[in-house]
Amino acid sequence: MAKKLVIKVTAGADAPERCSQAFTVAAVAAASGVEVSLWLTGESTWFALPGRAAEFELPHAAPLPDLIDGILTGGGQITVCTQCAARREIEEKDLIEGARIAGAQVFVSEIMPDGVQALVY
């Protein structure tokens, strides 16, 4: 099993099943003791803002706020893409506690070491 799992979610409410799958896999991995780094890009970027995850609804899916809480309390990291944040005029001060903004250089540095598994949803 990989020592670290890096997940990039490229969809938000525009593709709810894909979005939910990414958050679910990240939360399950964190609960299983896997080091998790969840990257929010595109429309998923909005879920790093307070209250926005609570607006997401998908039948038969765990609520996003619960999944986010599971990721963060499980020691996971949530990162918002720098360019995606800038296009939406989101600043670091706007984010939920435990989230950060970082760019492609940080993403690449996370996925390249041995023992890392990267998934894109």
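See above for the structure.
Residues numbered from 1 in each chain as written. Predicted model: local features only at pLDDT ≥ 70, side-chain atom pairs only at ≥ 80, totals over all residues. Heavy atoms only, no water.

Give a detailed account of the pattern of salt bridges, specifying residues and quantitative values.
With the rule as written, the count across this model stands at 7 salt bridges. Residue Arg 88 pairs with Glu 43 through a salt bridge whose shortest N-O separation is 3.0 Å. On the criterion of sequence distance, the pair formed by Arg 88 in the loop between helix 3 (82-87) and strand 4 (99-102) and Glu 43 in the loop between strand 2 (35-40) and helix 2 (64-73) is long-range, its members being 45 residues apart. Judged by its relative accessible area of 33%, Glu 43 is partly exposed. Here Arg 52 ties to Glu 55 by a salt bridge, and the two come within 3.5 Å at their closest N and O atoms. Note on Glu 55: relative accessible area 56%, which makes it exposed. A single salt-bridge network, built from bridges that share partners, covers Lys 4, Glu 35, Arg 100 and Glu 110. (Salt bridge = Lys/Arg side-chain N within 4 Å of Asp/Glu carboxyl O. Helix = DSSP H or I, 4+ residues; strand = E, 2+ residues; numbered from the N terminus. Buried < 20%, exposed > 50% of the residue type's maximum accessible area, 1.4 Å probe, protein only.)

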